Each structure stands twice: as C-alpha cells, then as structure tokens.
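Inside the fold
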Amino acid sequence: MDIVETRASVARHRPDGRSTPSGAPSGTPSPAAPLPAFTPELAAEMAPLYARVQHVVTPMEWPHYAPLIKAINDLKKMRNAVILAHNYMTPEIFHCVGDFRGDSLQLAKEAARTKADVIVQAGVHFMAETSKLMNPDKTVLIPDLEAGCSLAASITADDVRLLREAYPGVPIVTYVNTSAAVKAECDICCTSSNAVKVVESLGAPRVLLIPDEYLAKYVQTQTSIEIIAWKGRCEVHERFTAKDIEEIRAADPGTKIIAHPECPPEVLDVADFTGSTSAMINWVKTNHPKKVALITECSMASNVAVETPDVEFIRPCNLCPHMKRISLENIYEALRDMRHEVTIDATVAEKARRAVERMVNLTN
Ligand code: SF4
C-alpha cells in the first residue's frame with residue numbers, strides 16, 4: 001500500500017479545513033427571548049429530560065443547562081429548525097436538544113427528510129457542509145465557525161488535483177471528513193462504515209482513498225484492491241496506542257475493546273471489534289458486554305451509557321477540541337441570531353453533491 005502526500009498547499013489552506021468561510025447572519029431578526037431562570041416550575045417542566053441524562057449530568061450542572069435547553073427547544077419551534085447532533089457531542093446537547101443523532105451521514109440524510117427550514121449542525125464544519133450539500137434549499141447554521149477537523153485540514157482541492165496528475169486513471173475516494181471543495185475533486189465519497197463497499201464498487205485494481213491514512217490501512221486489510229493512502233490523521237484517534245489497550249486488558253481481561261478505524265493499526269490489531277461510530281454503538285447494544293472500552297472520542301461513551309445503563313464503560317478518553325467548541329450557549333446564540341450560515345459555491349456544491357449522492361445511491 002502506498003502512502004502519498006503532495007503537499008501542494010500546506011501553507012495556503014485554512015487550518016480548520018473549511019472551504020468556504022461564512023459568518024453572515026441570514027438577516028432574520030432575533031426573537032427577543034431572554035433565557036429563563038431556573039425556577040421550581042422550570043425544574044418540574046424539564047424533569048423528564050433530566051431523567052434521561054441523570055447518569056452523566058450532575059445535579060450541580062443541571063440548573064445551568066436546563067434554562068438553555070428550554071430556550072433552545074422553544075427557538076427550534078419558532079424557527080422551524082432541527083438540530084443534528086453528532087455522536088461526539090456532550091450528553092446535554094446529544095440527548096436534550098438533538099432532534100437527529102448519529103454519524104455525519106446519518107444526520108445529513110435525516111435532515112433531508114424533514115420539513116424544517118433551518119438545520120443547526122451540532123458538529124464540525126465539514127459536517128455542516130455535507131448537510132448543506134444534501135439540503136441546498138435549507139438554511140444550515142454552525143454554532144462556531146472554528147469547529148474544524150484535523151483530517152479535513154490535511155488536504156486541499158489543489159492536493160487532489162495533483163494526485164489526479166500523479167495517478168492518471170486511478171479513482172479517488174474521499175472519506176466524508178473533507179471540505180466540499182475536496183469532495184468536488186473526487187469521484188465518490190465514503191464513510192468509515194461503507195469504505196470497503198465503496199472501494200470495491202469501482203471495479204478498479206487501484207484506488208486512492210483519502211485523507212485518513214489509518215482508515216485506508218484498515219480498508220487495505222479488508223480488500224484485495226490496492227489502496228493508495230494520504231497521510232492525514234485524526235488528532236483524536238491517532239493518540240491511542242497498543243499500550244493503552246494492554247493497560248485496559250491488564251486491569252480487567254474481560255473488558256471488551258471496541259475501536260474506530262481512524263485508530264492506528266496496532267490498536268485495531270488488538271481490538272475485539274472495529275467499526276464506525278454507528279457500528280460501535282450497535283455492537284454495544286447488541287452484545288451487551290459487562291464492561292467495554294470505546295476507543296474513540298470521550299463523549300460517545302457518555303451518550304451510549306444513557307441508553308445502556310447496564311453496561312460499564314471504561315474511558316480511555318481523548319477529547320476532540322473541534323467538537324467541543326459546540327456548546328448549548330453557542331447553539332442558543334446560533335438559533336437566536338441565525339448565525340453562522342454555511343454557504344458553498346454553486347459549482348463546487350454541484351460537483352461535491354455528485355460525489356456524496358453516488359455513495360448514497362450505492363449504499364441505499
Ligand atoms: S474526532 Fe477526529 S475526525 Fe472527528 S472532527 Fe475531531 S479531529 Fe476530525
């Protein structure tokens with residue numbers, strides 16, 4: 001398996017991997033909806049929501065969260081908005097204001113089925129772009145424009161054009177964790193759950209799979225097609241080591257180890273199961289292990305724990321600093337002030353949408 005890196009534009013591209021910065025408010029006036037106080041009446045009204053997250057949100061935290069959750073849920077009705085909450089969001093976002101929950105593709109597909117006028121992406125910028133690609137007529141907001149991704153930032157559209165020149169005739173598959181501008185230069189998109197299927201659908205002996213080196217290496221173990229990788233990494237998953245896994249197993253050999261394919265190969269080699277975030281969640285719900293370690297971003301264990309209280313989660317935690325830029329506060333501000341709207345150049349959007357739709361049609 002080759003690993004290439006043309007580095008056409010390391011100095012040029014934005015550190016957060018965004019293709020189209022946008023922060024212009026939509027012009028919709030702000031509703032004058034001040035935050036409510038945490039009164040006994042509000043506490044009673046919000047009690048069913050607290051019951052859902054009480055295993056992972058402390059009684060001291062709740063009086064701070066509850067007024068924001070109430071205000072956000074009221075604003076959603078006022079704006080005819082939905083919130084897409086990625087699996088890596090903190091539980092008060094994921095379980096208390098998220099209308100759709102899951103990985104980036106699940107979220108964008110769900111949003112396309114709604115009659116909502118506004119989508120708030122509780123996730124990072126490339127996810128908001130994917131939502132916009134699949135919902136071109138809806139207003140897509142991201143609460144923090146700096147919510148980027150190390151994978152998306154590792155490659156630019158110019159890099160992909162150089163790869164085309166270097167590997168003429170070799171199809172290019174892009175992981176969904178890229179900007180719309182990068183997707184526009186690629187043949188088809190993939191997620192960590194369908195990457196093998198997408199690669200094998202192309203009928204080519206060699207395929208470029210960008211930008212995650214470790215996902216590409218994992219796919220190479222699952223297929224006879226030659227994979228050419230890019231040297232991009234997820235800064236959260238690359239930090240896990242085989243030693244981390246050894247220590248978990250040494251503490252309790254019965255603990256099941258479930259890893260995301262963005263982890264280094266040495267970690268995947270010793271895991272009990274490797275899969276996308278959705279596949280990891282399904283594995284836990286189906287197998288009900290007594291003890292499990294999810295080798296991925298911290299918040300996912302908290303979110304799955306809410307739905308599987310009988311499972312004990314060991315937390316070898318790595319936080320994603322980009323995901324953690326999204327908070328109840330900036331979701332509230334996004335809906336109150338209709339900011340920050342995500343826009344994509346029409347030509348780029350048309351080409352990028354083709355790559356995403358090709359994957360969706362294949363996996364449907
Ligand atoms: S967890 Fe990794 S891949 Fe996901 S947004 Fe953070 S840096 Fe990007």
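It should be noted that the structure appears before, not after, this text.
Nothing here was measured: the structure is a model prediction, and the numbers come from that model.

Regarding the pairing of strand 9 (residues 226-230)
In terms of residue burial, strand 9 counts as a mostly covered element, since four of its five residues are buried. Taken together, the four bridges between strand 8 (residues 206-210) and strand 9 define a ladder with parallel strand orientation. Across the sheet, the residue bridging to Val207 is Ile227, located in strand 9. Handedness of the crossover joining strand 8 and strand 9 through helix 9 (residues 213-220): right-handed.

With respect to the site of the ligand
Looking at the ligand, the residues that line it are Tyr88, Val124, Cys149, Ser150, Leu151, Asn177, Cys234, Val236, Glu262, Cys320, His322 and Met323. Looking at the shell around the ligand residue by residue, the classes come out as eight nonpolar, three polar and one charged.

Considering the sheet that holds strand 3 (residues 100-102)
Strand order in the open sheet formed by four strands is 3-2-4-5, with parallel pairing between adjacent strands. Of all the strands in the sheet, the pair left with one neighbour each is strand 3 and strand 5 (139-141). Across the sheet, the mean angle from the axis of one strand to that of its neighbour is 20°, orientation sign disregarded. Judged from the three bridges that link them, strand 2 (residues 81-86) and strand 3 form a sheet pairing that is parallel. Bridge pairing in strand 3 links Ala85 to Arg101.

Describing the side chain of Asp103
Looking at where Asp103 falls in the secondary structure, it is placed in the loop between strand 3 and helix 4 (104-113). Among residues more than four places away in sequence, those in contact with Asp103 are His86, Asn87, Thr277 and Ser278.

Digging into the packing of helix 12 (residues 277-287) against helix 13 (residues 298-307)
In the contact formed by helix 12 and helix 13, the axes pass within 11 Å of each other and the chain directions differ by 35°. Regarding helix 12 and helix 13, the two cross each other, and that crossing is right-handed. Side by side, helix 12 and helix 13 meet where Thr277, Met280, Ile281, Val284 and Lys285 of the first sit next to Met300, Val304 and Glu307 of the second.

Some words on the packing of aromatic side chains
Evaluation of the coordinates by the stated rule reveals two aromatic pairs. The interplanar angle of 35° and the centroid separation of 4.8 Å between the aromatic rings of Tyr50 and Trp62 together place this pair among those described as tilted. Separated by twelve residues along the polypeptide, Tyr50 in helix 1 (residues 40-53) and Trp62 in helix 2 (residues 62-79) bring together distant segments of the chain. The burial state of Tyr50 is the same as that of Trp62; both residues are buried. The interplanar angle of 25° and the centroid separation of 6.1 Å between the aromatic rings of Phe273 and Trp283 together place this pair among those described as stacked. Of this pair, Phe273 sits in strand 11 (residues 273-274) while Trp283 sits in helix 12, placing them ten residues apart in sequence. What makes Trp283 buried here is its relative accessible area of 16%.

About the criteria used
- Residues numbered from 1 in each chain as written.
- Predicted model: local features only at pLDDT ≥ 70, side-chain atom pairs only at ≥ 80, totals over all residues.
- Heavy atoms only, no water.
- Buried < 20%, exposed > 50% of the residue type's maximum accessible area, 1.4 Å probe, protein only.
- Helix = DSSP H or I, 4+ residues; strand = E, 2+ residues; numbered from the N terminus.
- Pairing = 2+ DSSP bridges.
- Right-handed = clockwise from strand over helix to strand, strands pointing away.
- Near = heavy atom within 4 Å.
- Nonpolar A, V, L, I, M, F, W, Y, C, P; charged D, E, K, R; others polar.
- Axes fitted to C-alpha atoms, helices over the stretch in contact; angles between N-to-C directions.
- Contact = heavy atoms within 4.5 Å.
- Left-handed = near helix turned anticlockwise from the far one by under 90°.
- Phe/Tyr/Trp six-rings, centres within 6.5 Å; stacked < 30°, edge-to-face > 60°.

That's the geometry; what it means functionally is another story.
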